[in-house]
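Structure at a glance
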Amino acid sequence: MRLIENMETFIRARKPHIATNADTDKRIVDDSFAAMEAAKAGLKGGRPNLWAAVLRSKVTRLAAAAMIIVVIGILIHGVSRKQTDGQTVPAPAKSPAEMMTAMSLNIAYRKGGLEAVEKQCDKAFKMLGLQPTRISARELLEEFSSEEVERKES
Amino acid sequence: MVEDRLLVWKFNRGSKEALRRIYEKYKDDLLSLAVTLLRDRSAAEDVVHDVFVSLARSCGTFRLNGTLKGYLSTCVANGARDRNRLRSARNTGLDGAESMSSNSAGPAEYAMGSEESERLYDLLARLPYEQREVIVMHLHHGMRFREIAKAAGVSINTVQSRYRYGLDKLRSIVNGEVTK
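Keep in mind that what you see is a predicted model, and the values were worked out from it rather than measured. (Residues numbered from 1 in each chain as written. Chains lettered and ligands numbered in written order. Predicted model: local features only at pLDDT ≥ 70, side-chain atom pairs only at ≥ 80, totals over all residues. Heavy atoms only, no water.)

**As for the overall build of chain B**
Regarding its fold elements, chain B presents nine helices and zero strands. Reading chain B from its N end, one meets helices and strands in the order α-α-α-α-α-α-α-α-α. Across the 180 residues in chain B, those meeting the buried criterion constitute 50%. Within chain B, contacts between residues at least 6 apart in sequence are counted, and of these 65% link residues at least 24 apart. For chain B, the accessible area works out to roughly 8800 Å², and carbon and sulfur atoms hold 48% of it. (Helix = DSSP H or I, 4+ residues; strand = E, 2+ residues; numbered from the N terminus. Buried < 20%, exposed > 50% of the residue type's maximum accessible area, 1.4 Å probe, protein only. Contact = heavy atoms within 4.5 Å. Areas by Shrake-Rupley, 256 points an atom, 1.4 Å probe, with all protein chains shown as cover.)

**Some points on the nonpolar core**
Ile11 of chain A together with Phe11, Ile22, Phe52, Leu72 and Ile135 of chain B are the most contacted members of the largest nonpolar core, which has 64 residues in total. Top element by residues in this core is helix α2 (residues 16-38) of chain B. It accounts for twelve residues. Here Ile11 of chain A is in contact with Leu120, Ile135, Leu139, His140, Leu167 and Leu170 of chain B, once residues within four sequence places are set aside. (Core = buried A, V, L, I, M, F, W, Y, C linked by side-chain atoms within 4.5 Å.)

**A short note on a nonpolar patch on the surface**
All names here are of chain A. Together, Trp51, Leu55, Ile68, Ile72 and Ile76 line one region of the surface with nonpolar side chains, adding up to about 530 Å² of accessible area. Of all the secondary-structure elements, those providing two or more residues to the nonpolar patch are α3 (50-56) and α4 (58-85). Residue contributions to the nonpolar patch peak at three residues, all from α4. One can find Leu55 in helix α3. (Patch = residues over 30% accessible without salt bridge, like charges linked within 9 Å, V, L, I, M, F, W, Y side chains within 5 Å. Salt bridge = Lys/Arg side-chain N within 4 Å of Asp/Glu carboxyl O.)

**Quick notes on the interface of chain B and chain A**
Every contact between the two is made by 45 residues of chain B and, on the other side, 30 residues of chain A. Summed over both sides, the interface of chain B with chain A buries roughly 3700 Å², with 65% coming from carbon and sulfur. Where chain B meets chain A, there are three salt bridges. Between Glu37 of chain A and Lys16 of chain B there is a salt bridge, with its nearest N and O atoms 3.1 Å apart. At the boundary of chain B with chain A, the tally comes to twelve residue pairs in polar contact (both at pLDDT 80 or more). Contributing elements (two or more residues each) for the side of chain B that touches chain A: α2, α3 (41-57), α6 (115-125), α7 (129-140) and α9 (156-179) of chain B. (Buried area = accessible area lost by both parts, 1.4 Å probe. Polar contact = N/O pair within 3.5 Å; in protein donor to acceptor, adjacent residues only side chain to side chain.)

**Considering helix α1 (residues 2-12) of chain B**
Residue and element names in this part refer to chain B. Residues of α1 that are buried include every one of Asp4, Leu7, Val8 and Phe11, and no others. Mapping the buried residues of α1 onto a view down its axis gives an arc of 100 degrees, with all of them on the same face. Trailing α1 by a residue or two, Gly14 shows a phi angle of about 100 degrees, which is positive. (Arc of directions from axis to C-beta.)

**So, unusual backbone geometry**
Residues and elements named next belong to chain B. Here Arg39, not a glycine, exhibits a phi torsion of approximately 60 degrees, which is positive. For Arg39, the position within the fold is in the loop between α2 and α3. We classify Arg39 as buried; its relative accessible area is 5%.

In structure tokens form, the structure reads like this:
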């Protein structure tokens, strides 16, 4: 151990110093400046690469990934819908507001079940200034299910 | 460190003066590293040349992670490694160390400053390239094993082994010379 430490000290203390000469300096600096000019010209003249811009930042990378996932999800949903129907029926166009509502309720249900859906609805009503009726989402579902049972019995 | 960041910022804005300052600041260190690794001054100058031209090409898009000195040293080490591979491929069948010695013109040419430095230069020349690279980058250029491992594309354990074996070999060479 001691010997290795001595060897390290020996090497550290004898760092060689090799200086460049003027010709080398001139060659390197001139070539570097020429390369720099070419790079600057390329940046000004060339079309900006969208993917390079997207991949440069973490946030844009995540946003792009999320976007791709959403697009793939929508495509898969569309295909599965066509397959289950048996025949291709053009799906009625949904407004962005409807889609957002459906997505937010879906996410809320996955996160916390019916209670989360109820909270989400309360939030939406508060935001929109609407007065909800006294009935909760659970009661509404129970009512639906009892109606269905009655329908089947009859 | 702050000065380097400022220089990089100016360089990205297209300042030639900043590039010249970066070159002036690190040229001797980088050339020393390349010469010690390659034992061939003209090849070493070519490596440093390529590193700076490549840096200049990245003007406007260059992003620095870590220190500028570490980045440039890594680029020089990578360039030297590529040249060494090329040279080894050309000299297949010959002993690597011998071929390197025959290419070099001797340490006196490089004006290292002292007999001790020249002796160390000769000692390092007897090591395999990988061991020499780790020892020089760690002890002369202050790079961490992790950084060297990343630059060389090997594990940190491999780098540490190369370092230890290199030092052991140097020690045995020195001891052998003393006992003669």
